[in-house]
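Here is how the chains run, residue by residue.
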Amino acid sequence: MAYDPDNIFAKILRGDIPCDKVYENDHVLAFRDINPQAPTHILVIPKGAYSDADDFTARASQEEIAAFFKAVGDVARQEGIADQGYRIISNCGHNGGQEVPHLHIHILGGRRLGRMVAAA
Ligand code: AMP
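What you are looking at is a predicted structure, and each value in this text was computed from that prediction instead of being measured.

(A) Looking closely at the overall build of the protein chain. Looking only at helices and strands, the protein chain features four helices and five strands. Taken against the 2.2 N^0.38 rule, which gives 14 Å for 120 residues, the C-alpha radius of gyration of the protein chain at 14 Å falls within 12% of a compact globule. Overall, the C-alpha framework of the protein chain stretches about 35 × 35 × 30 Å when taken along its three principal axes. Counting all 120 residues of the protein chain, 38% fall into the buried class. Considering only residue pairs separated by 6 or more positions, the protein chain has 54% of its internal contacts joining residues 24 or more positions apart. For the protein chain, the exposed area adds up to about 7,300 Å²; of that, 51% sits on carbon and sulfur atoms.

(B) Structural context of a nonpolar patch on the surface. There is a patch of nonpolar side chains on the surface, built from Phe69, Tyr86 and Ile88 and spanning about 300 Å² of accessible area. Mapping phenylalanine 69 onto the fold places it in helix α3 (residues 62-78).

(C) Examining the sheet that holds strand β1 (residues 21-24) more closely. Pairing in this open sheet of five strands is antiparallel, and the strands run β1-β2-β3-β5-β4 from one edge to the other. Bordering the open sheet on either side are β1 and β4 (86-89), each of which pairs with just one other strand. Each strand axis lies, on average, 20 degrees off the axis of its neighbour in the sheet, ignoring direction. Pairing of β1 with strand β2 (residues 28-32), which is carried by three bridges, proceeds in the antiparallel orientation. The residue of β2 that forms the bridge with glutamate 24 is leucine 29.

(D) The arrangement of the site of the ligand in detail. The environment of the ligand is formed by 15 residues, the closest being Asp33, Asn91, Glu99, His104 and His106. At 2.7 Å from an oxygen atom of the ligand is found a main-chain nitrogen or oxygen belonging to glutamate 99. In the complex, 85% of the free accessible area of the ligand, which totals 510 Å², lies under the protein chains. Tallied by class, residues from the shell around the ligand come to six nonpolar, six polar and three charged.

(E) Broad picture of α3. Its 17 residues give α3 an end-to-end C-alpha distance of 24 Å, which sits within 8% of 24 Å, the value for a rise of 1.5 Å per residue. Residues of α3 that are buried include every one of Glu64, Ala67, Phe68, Ala71, Val72, Gly73, Val75 and Ala76, and no others. On the buried face of α3, the contacting elements are β1, β2, β3 (40-46), α2 (53-59), β4 and β5 (105-109). Positive phi appears at glycine 80, one or two residues downstream of α3, with a value of about 80 degrees.

Calculation notes
Residues numbered from 1 in each chain as written. Predicted model: local features only at pLDDT ≥ 70, side-chain atom pairs only at ≥ 80, totals over all residues. Heavy atoms only, no water. Helix = DSSP H or I, 4+ residues; strand = E, 2+ residues; numbered from the N terminus. Rg over C-alpha atoms; globule rule 2.2 N^0.38 Å. Buried < 20%, exposed > 50% of the residue type's maximum accessible area, 1.4 Å probe, protein only. Contact = heavy atoms within 4.5 Å. Areas by Shrake-Rupley, 256 points an atom, 1.4 Å probe, with all protein chains shown as cover. Patch = residues over 30% accessible without salt bridge, like charges linked within 9 Å, V, L, I, M, F, W, Y side chains within 5 Å. Salt bridge = Lys/Arg side-chain N within 4 Å of Asp/Glu carboxyl O. Pairing = 2+ DSSP bridges. Axes fitted to C-alpha atoms, helices over the stretch in contact; angles between N-to-C directions. Near = heavy atom within 4 Å. Polar contact = N/O pair within 3.5 Å; in protein donor to acceptor, adjacent residues only side chain to side chain. Nonpolar A, V, L, I, M, F, W, Y, C, P; charged D, E, K, R; others polar. Expected span 1.5 Å × (residues − 1).

If you want it as structure tokens, here you go:
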């Protein structure tokens, strides 16, 4: 999918709209989801213009990929949910149910979560 520079996470990265930031480094930004589905619900996004996990894994550098996945673990530990466990999800494309077309990993924790995929 061609990257849409007007998507809402691109606007957050540009500072055009605010976010509740929890973590940032040269490659990654993480902020709280505006509609949390668990006591802790954070979105981790790469700073590069990647529309989804397919685009990222095809085009991103080894450094970007390593930094992104490392940040997911760092954020979970920073937020105190790693010991009890948590779930990471990345919806990819139409069948994945992706709504915002900038790659993001959801980190969900702070309570026991239900089944991985709800019946349709
Ligand atoms: P997805 O369906 O995987 O694309 O998830 C998009 C997520 O972005 C949803 O969980 C939304 O609640 C979240 N979201 C949308 N707009 C914002 C925003 N401005 N700040 C934080 N989270 C947002």
